[in-house]
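Geometric and topological summary
What follows is the residue order along each chain.
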Amino acid sequence: MNSGYQIAVLPGDGIGPEVVNEAIKVLELLKKLDSSLNIEFETFDWSSEYYLEHGHIMPPNGLEKLKEYDAILFGAIGDHRVSDEVTIWQLIMPIRKQLQQYINFRPVKLLKGVSSPLKNGHDIDFVIIRENAEGEYSNSGGRLYHGAEEEIAVQNTIITRLGTAKCANYAFEYAEKHGKRKVTSATKSNAIIHSMKLWDEVVDEVSGNYSSISLESYYIDALAAYFVSKPAEFDVVVASNLFGDILSDLGSAVVGGLGLSPSANINPEGDFPSMFEPVHGSAPDIAGKGIANPIAQIWSAALMLEYLGREDLGALIVESIEQVLLSREVRTPDLGGTSTTSEMGTAICDAIHQKLLREKVDKL
Ligand code: GGG
């Protein structure tokens, strides 16, 4: 079926290495059980610890190195000993921006076996498509007169016609391909009258190319409220970088928490590798305790397999996660249980094993 995929693995900081171990455990099992999955991993120890030792968080040729791979599996980054200007602006942002991963894809789906904290939280199944390379997360700006009464900080938002059009196109294409009926755009053009007006105009123009899909546009404040009051009504939400980031944490919360939220940073053209990582960060409060929920990371690995053309294996992983959650025997503390990270990973592996065995028996 496939020719061989080379995967760069960046476990990062805190719980990153713990949850990445479980995702690799699942991928290694699939490789063993399915001879057509030819996948190899190379791990890079680029992290805050690496920075403290070497003075840089990745080697000067790090981005060039990553370009040699078919995909990147990323854990989490963030450490109180190292500034965000290093962990975010010298690792995550350069990867996302230089490898043109301009789409951040975040499913918001209530898995079987999980209860939403919302009274009306059933049938939640939508995706957030977040612009990932420009917008509010730009390093354009600066500060003047440090510490003085007259101190000034300027942070520029960069919204471009091309960047917005590519993001909106991706959202409508996704909707069309997956039989969805509407795209919801997050805006704030009543108050942010230059950049968000351009966003609105371009999203509206793009929507004209997709007659079977409707466009609705909400101010971000109202949309945040609707995520709580009518979460089942969304199909595809398209948002700028900051708005998409905030909405996806809210989305995570309504489907059971950050331990259950995967993401993909996608370069749709395939000119550069895409990167798959949980929405959550390094969670230093629980790092080293072996209790982090690995589901978001394992689901991110499933998104990676789908992206690489193995939708069958991606679906198998998600079904197996749901089977474990439905059985309620293995649950990490974030889901009200006492199981460890490794026990959760093993339970998902066992479920995959059983499913594949059953498939083989059914074929006899
Ligand atoms: N997997 C996403 C990630 O690591 N993001 C970086 C981040 O948000 N770091 C801050 C933190 O670890 O709390």
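Placed above this text is the structure.
Further remarks concern the site of the ligand. In the vicinity of the ligand, the contacting residues are Gly75, Ala76, Ile77, Gly78, Ile88, Ile92, Glu277, Pro278, Val279, His280, Gly281 and Ser282. With respect to the ligand, the backbone of Ile77 contributes an N or O atom lying 2.8 Å from a nitrogen atom. A distance of 2.8 Å separates a nitrogen atom of the ligand from a polar atom in the backbone of His280. If you list the elements that add at least two residues to the shell around the ligand, you get strand E3 (71-76), helix H4 (84-98) and strand E12 (274-278). A breakdown of the residues in the shell around the ligand according to their chemical character gives six nonpolar, five polar and one charged.

On to helix H11 (residues 341-363). Side chains that are three or four residues apart share a direction in an α-helix, a result of its 3.6 residues per turn. Under the 1.5 Å per step criterion, the end-to-end length of H11 is 34 Å for 23 residues, consistent within 8% with the ideal 33 Å. Residues of H11 that are buried include every one of Thr341, Met344, Gly345, Ala347, Ile348, Cys349, Ala351, Ile352, Lys355 and Leu356, and no others. Taken together, the buried residues of H11 touch helix H1 (16-33), helix H9 (295-307) and helix H10 (311-327).

With that out of the way, let us pick up the packing of H1 against H9. Helix packing for two helices is described by the angle between their axes and how far apart those axes are. The contact between H1 and H9 brings their axes to 8 Å, and the two run at 45 degrees. In terms of their interaxial angle, H1 and H9 are classed as oblique. You can see that H1 and H9 cross each other, and the crossing is right-handed. Where H1 approaches H9, its residues Val19, Val20, Glu22, Ala23, Val26, Leu27 and Leu30 are matched on the opposing element by Gln297, Ile298, Ala301, Met304 and Leu305.

Position of Ser339 relative to the elements: it lies in the loop between H10 and H11. Beyond its immediate stretch of four places on either side in the chain, Ser339 contacts Glu329, Val330, Arg331, Thr332 and Pro333.

Turning our eyes to something else, we now look at the sheet that holds strand E5 (residues 125-131). Taken in spatial order, the ten strands make up an open sheet running E2-E1-E3-E12-E11-E4-E5-E10-E8-E9, and their pairing is mixed. The sheet terminates laterally at strand E2 (39-43) and strand E9 (214-219), the two strands that pair on one side only. Going from strand to strand, the sheet's axes swing by 25 degrees on average, the running direction of each strand aside. Where strand E4 (residues 103-109) meets strand E11 (residues 262-266), three bridges bridge the pair, whose relative direction is antiparallel.

If you walk through the whole model with that rule in mind, you get nine aromatic pairs. With centroids separated by 5.3 Å and ring planes inclined at 50 degrees, the aromatic side chains of Phe227 and Phe234 adopt a geometry described as tilted. With relative accessibility at 0%, the residue Phe227 sits in the buried group. With centroids separated by 5.5 Å and ring planes inclined at 50 degrees, the aromatic side chains of Phe276 and Tyr307 adopt a geometry described as tilted. With Phe276 in strand E12 and Tyr307 in helix H9, this pair connects stretches of sequence that are 31 residues apart. Look at Phe276 and you get buried, because its relative accessible area is 1%. Using a relative accessible area of 31% as the deciding quantity, one classes Tyr307 as partly exposed.

Another point: the environment of Glu329. Residue placement: Glu329 occurs in the loop between H10 and H11. Residue classification places Glu329 among the exposed positions, given a relative accessible area of 69%. Along the primary structure Glu329 and Ser339 are separated by ten residues, whereas in three dimensions their C-alpha atoms are 8.8 Å apart.

Oppositely charged side chains are able to pair whenever their charged atoms sit close together. Enumeration according to the criterion identifies 17 salt bridges in this entry. Note that Glu68 and Lys65 form a salt bridge whose closest N and O atoms lie 3.1 Å from each other. Under the relative-accessibility criterion, Glu68 is labelled exposed at 54%. Of the residues examined, Lys65 reaches a relative accessible area of 27% and is grouped as partly exposed.

Regular strands have side chains that alternate between both faces of the sheet. A large share of strand E8 (residues 182-187) lies buried, amounting to six of its six residues. Of the two faces of E8, both are covered, the one formed by Lys182, Thr184 and Ala186 as well as the one formed by Val183, Ser185 and Thr187. One ladder, built from six bridges, connects E8 with E9; its direction is parallel. Each bridged residue has a counterpart across the sheet, and for Thr184 the counterpart in E9 is Glu216. In this fold, the crossover linking E8 to E9 by way of helix H6 (residues 195-207) has right-handed handedness.

Calculation notes
Residues numbered from 1 in each chain as written. Predicted model: local features only at pLDDT ≥ 70, side-chain atom pairs only at ≥ 80, totals over all residues. Heavy atoms only, no water. Near = heavy atom within 4 Å. Polar contact = N/O pair within 3.5 Å; in protein donor to acceptor, adjacent residues only side chain to side chain. Helix = DSSP H or I, 4+ residues; strand = E, 2+ residues; numbered from the N terminus. Nonpolar A, V, L, I, M, F, W, Y, C, P; charged D, E, K, R; others polar. Expected span 1.5 Å × (residues − 1). Buried < 20%, exposed > 50% of the residue type's maximum accessible area, 1.4 Å probe, protein only. Contact = heavy atoms within 4.5 Å. Axes fitted to C-alpha atoms, helices over the stretch in contact; angles between N-to-C directions. Parallel < 35°, antiparallel > 145°, perpendicular 65-115°, else oblique. Left-handed = near helix turned anticlockwise from the far one by under 90°. Pairing = 2+ DSSP bridges. Phe/Tyr/Trp six-rings, centres within 6.5 Å; stacked < 30°, edge-to-face > 60°. Salt bridge = Lys/Arg side-chain N within 4 Å of Asp/Glu carboxyl O. Right-handed = clockwise from strand over helix to strand, strands pointing away.

Geometric values such as these leave the question of function open.
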